[in-house]
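If you want the building blocks of each chain, they are given just below.
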Amino acid sequence: MSLIQLVEFPSLGDERGSLVALEAETTVPFSIKRVYYIFATKEKLSRGYHAHYNLKQIAVCITGKCRMILDNGKVREEVWLDSPTKGLLINDLTWREMHNFSEDCVLLVLASEHYDEGDYIRDYNEFLKAVE
Ligand code: T46
């Protein structure tokens, strides 16, 4: 199965504009414990470079775009997040990198767990050992 699992959010549009509703356990396949967003990024400054032991997330660029790389220790795949209706599911034990942020990028992330620095794997070799 591809590492890139996209979720297309239905856009509820009318003449006034568009609306996307993100609901736990329906459009988002887990119960949401945390929401954060990344903004005021720089095109040349990449982020991520880590994995998590126990964390599922959905990432969506609600404005602008960025290039997301996912890596499971065997395969490395990339996708552009460039639409407010395009969510990317990021599973446990998946290395992620975010590159090429557009100036206007706002990356919204829905997370299945509370913030826990102890859940991060920030060293790639440690990540490879964890996925073995
Ligand atoms: C991920 C990608 C997509 C908190 O205090 N609470 C939080 O909920 C988060 C996410 C971060 N932080 C602190 C930890 C650092 O001092 O905010 C600072 C920046 O976090 P970090 O360097 O981990 O940011 P990114 O953009 O590299 O990664 C983040 C998430 O941490 C990560 O889980 O999947 O966005």
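Residues numbered from 1 in each chain as written. Predicted model: local features only at pLDDT ≥ 70, side-chain atom pairs only at ≥ 80, totals over all residues. Heavy atoms only, no water.

Focus on the overall build of the chain
Item 1. Helices and strands together make up the secondary structure of the chain, namely one helix and 10 strands.
Item 2. Put simply, the chain runs from its N terminus to its C terminus through helices and strands in the order β-β-β-β-β-β-β-β-β-β-α.
Item 3. For 132 residues, the compact-globule estimate of 2.2 N^0.38 gives 14 Å, and the chain sits close to it at 15 Å.
Item 4. Reported as C-alpha extents along the three principal axes, the dimensions of the chain are approximately 50 × 35 × 30 Å.
Item 5. The buried share among the 132 residues of the chain stands at 40%.
Item 6. In the chain, the share of contacts with a sequence separation of at least 24, taken over all contacts with a separation of at least 6, comes to 77%. (Helix = DSSP H or I, 4+ residues; strand = E, 2+ residues; numbered from the N terminus. Rg over C-alpha atoms; globule rule 2.2 N^0.38 Å. Buried < 20%, exposed > 50% of the residue type's maximum accessible area, 1.4 Å probe, protein only. Contact = heavy atoms within 4.5 Å.)

Let's talk about the site of the ligand
Item 1. In the vicinity of the ligand, 13 residues are found, and the nearest of them are R34, R47, Q57, R96 and Y120.
Item 2. In this structure, an oxygen atom belonging to the ligand sits 2.7 Å away from a side-chain N or O atom of H52.
Item 3. In the environment of the ligand, an oxygen atom lies 2.5 Å from a nitrogen or oxygen atom belonging to the side chain of Y120.
Item 4. Surface burial for the ligand is 69%, taken as the share of its 650 Å² of free accessible area covered by protein chains.
Item 5. Those elements that place two or more of their residues in the shell around the ligand are β2 (34-38), β3 (47-52) and β8 (95-99).
Item 6. Ranked by residue count, the leading element in the shell around the ligand is β3, at four residues. (Near = heavy atom within 4 Å. Polar contact = N/O pair within 3.5 Å; in protein donor to acceptor, adjacent residues only side chain to side chain. Areas by Shrake-Rupley, 256 points an atom, 1.4 Å probe, with all protein chains shown as cover.)

Here's the deal with the pattern of salt bridges
Item 1. A full pass over the atoms with the stated rule returns eight salt bridges.
Item 2. Across the pair R67 and E78 runs a salt bridge, and its minimum N-O distance is 2.7 Å. Here R67, found in strand β5 (residues 66-71), pairs with E78, found in strand β6 (residues 76-81); they are 11 residues apart in sequence, far enough to count as distant.
Item 3. Residue class for E78 comes out partly exposed when judged on its relative accessible area of 46%.
Item 4. Notably, a salt bridge pairs K86 with D82, separated by 3.1 Å at the nearest N-O pair.
Item 5. Assessed through its relative accessible area of 19%, K86 is described here as buried. (Salt bridge = Lys/Arg side-chain N within 4 Å of Asp/Glu carboxyl O.)

So, the packing of aromatic side chains
One pair of aromatic rings is described through two measures. These are the centre distance and the angle between the planes.
Item 1. In the structure shown here, the tally under the stated rule is five aromatic pairs.
Item 2. Ring plane angle 70 degrees and centroid distance 5.9 Å describe the contact between Y115 and Y120, whose orientation is recorded as edge-to-face.
Item 3. Note on Y120: relative accessible area 17%, which makes it buried.
Item 4. Cluster of aromatic residues (ring-pair linked, three or more members): W95, Y124 and F127. (Phe/Tyr/Trp six-rings, centres within 6.5 Å; stacked < 30°, edge-to-face > 60°.)

Quick look at the pairing of strand β9 (residues 106-111)
Item 1. With respect to burial, β9 is a largely interior element, six of its six residues being buried.
Item 2. Along β9, one buried face is formed by V106, L108 and L110 and the opposite face, lined by L107, V109 and A111, is buried too.
Item 3. Inspection of the sheet shows strand β4 (residues 57-63) paired to β9 by six bridges, in the antiparallel sense. Across the sheet, the residue bridging to Q57 is A111, located in β9. (Pairing = 2+ DSSP bridges.)

A word on the side chain of H52
Item 1. Tracing the backbone shows H52 in strand β3.
Item 2. At a separation of 3.0 Å, a polar atom in the side chain of H52 contacts the side chain of D119.

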